Amino acid sequence: MNIALLIALCLIAGIAVRLLRRWQRLGLSATLIGVVLLSGFFAAMPSAPVVVLGRSFASDSATRVFLGSILSAASALAVFAPLAFQRASAAPARVGANSQGAFFFWALAPLIAAVTLDSFPLAVFAWAIGLIVLMLSARPQSEGRVGGAAQFLLLIVIASASLLLANRFFDLYPLTPENLDLVRDAVIFLALGFGLLLAIAPLHIWLGPLADELSPLGLAFLVGVAQPVGVWLLLQQMGETTWLVPRSSLLTVLLLGGGLTAPLGALLLLSERRDARWLAYLGLIPLGSVLIGMGLGTRLALAGALLALVNRAWGIALIAGGLSFARHHPARRWQRVGASAILIGGLALAGVAPLGFAANFAMYRDLSASHPILFVALLGSNGLAVLAVLRVVWRSVNEKIETEETNAARLILYAGVLVAALLVVALIGAGIFPQVLAEPLLETVGKASYLK
């Protein structure tokens, strides 16, 4: 029953943070208590599958590592949320800004179910619910016009329907194995569904308008916590449906999608100045690396893709925390803390040693031999990402400071620094000792028959 307790605790923590949104210290206290309890229940979660209401919730080693990565990233973002606290008011914008942590907890609950459920349709349904809950924290920028959040809600419906149609083809093909049209149609709807929600190029056009209506922390939750759940569901489906990869061009589609996504994200990143959009486009570069690693179809490349997925979650959470320091706390020392977090998180996403290099190196070996053009494109994208990160850091460090005061309580600032330091340690540890994460992740996912 630990899975059910985790989900229930997320809902309760969200309610507590929402009720205490007017008081900065109390809101942080509720967040910290929720994070500690979540960590304790997760550590005590049994390794054997748990049956709840007739459905099995998996908790093997690979699932635990992946679930731990998104739990830690979501918890970090919830702790960073009080850094953006605004003076209590009844204005919807103020209420939403002070309740970000509540929406993170509420959205995390269905995402936990999506990762652990043994049913692909139910997992897709839970994933869609998590995305919809997160959209409740969006703040429309204009009246009388459909905004980015409303557009994304429509895309969630279209993508969910596409994934459910793909699942129907998965069920029908074993009954008529000579009908290869079912395989082709399954890949088309699978690519459409995941491509829309993961913002894979050229289906990324909704990402900018949505970033204008989400805070950097909310956008970081979408990109660093919610989107990896979709990648996980795709990996599980590729491993469980043994005929899907050998009889289709799915790996080629993944390579093409990754080869377009990483360079496009780098190009969009260079000309972007808005924080949320900048973070969204930066997240496209490691997403492209993950897709390329999955598309290579080897165990080593898949290990690199899984590591890159975990590094992406932690790196994006760290950058979002750094932006919270840099934009909301003008004192020089907090500006430096924010700039340092942005720098380390950005270098991790770009695969600079010792942060994210181990994940990329595992993919570089196979990629340079089989697809040299993609290899060059990926290297160039990571190089442009480093330049873009250095530009933002330089601007933050050299920005003129008009005051050395901040309205935030020291407890909130120190809690943010502690969480940022833990994320840095996790990123460095994953870079120096990648086998600690890669081996349990591959224990289950790496047994797929299509891997070389």
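Since this is a predicted model, take the numbers as computed values, not measurements. (Residues numbered from 1 in each chain as written. Predicted model: local features only at pLDDT ≥ 70, side-chain atom pairs only at ≥ 80, totals over all residues. Heavy atoms only, no water.)

### Quick look at the overall build of the protein chain
Next up, step 1: A tally of regular secondary structure across the protein chain gives 18 helices and two strands.
Next up, step 2: For the protein chain, whose C-alpha radius of gyration is 21 Å, the value lies close to the compact-globule estimate of 22 Å for 452 residues.
Next up, step 3: Counting only residues that meet the buried cut, the protein chain has 58% of its 452 residues in that class.
Next up, step 4: Summed over all atoms, the accessible surface of the protein chain reaches about 17900 Å², with 67% contributed by carbon and sulfur.
Next up, step 5: Side chains of the protein chain give 29 positive and 19 negative charges; the mean places of these two sets differ by 9 Å. (Helix = DSSP H or I, 4+ residues; strand = E, 2+ residues; numbered from the N terminus. Rg over C-alpha atoms; globule rule 2.2 N^0.38 Å. Buried < 20%, exposed > 50% of the residue type's maximum accessible area, 1.4 Å probe, protein only. Areas by Shrake-Rupley, 256 points an atom, 1.4 Å probe, with all protein chains shown as cover. Lys, Arg positive; Asp, Glu negative; His and termini not counted. Charge placed at Lys NZ, Arg CZ, Asp CG, Glu CD.)

### Some words on the pattern of salt bridges
Next up, step 1: Enumeration according to the criterion identifies five salt bridges in this entry.
Next up, step 2: Two residues, Asp-185 and Arg-184, come together in a salt bridge whose shortest N-O distance is 3.4 Å.
Next up, step 3: Residue class for Arg-184 comes out partly exposed when judged on its relative accessible area of 47%.
Next up, step 4: We note a salt bridge from Glu-272 to Arg-274, for which the minimum N-O separation is 2.8 Å.
Next up, step 5: Via salt bridges that share partners, Asp-181, Arg-184 and Asp-185 belong to a single interconnected network. (Salt bridge = Lys/Arg side-chain N within 4 Å of Asp/Glu carboxyl O.)

### Details of the side chain of Gln-227
Next up, step 1: You can see Gln-227 is positioned in helix α10 (residues 216-240).
Next up, step 2: A relative accessible area of 3% means that Gln-227 is categorised as buried.
Next up, step 3: Leave out the neighbours within four places in its chain, and Gln-227 touches Trp-127, Leu-197, Leu-198, Ala-199, Trp-206, Leu-222 and Arg-312. (Contact = heavy atoms within 4.5 Å.)

### Examining the side chain of Ser-162
Next up, step 1: Structurally, the position occupied by Ser-162 is in helix α7 (residues 148-172).
Next up, step 2: Excluding residues within four positions of it along the chain, Ser-162 makes contact with Phe-189, Leu-192 and Gly-193.

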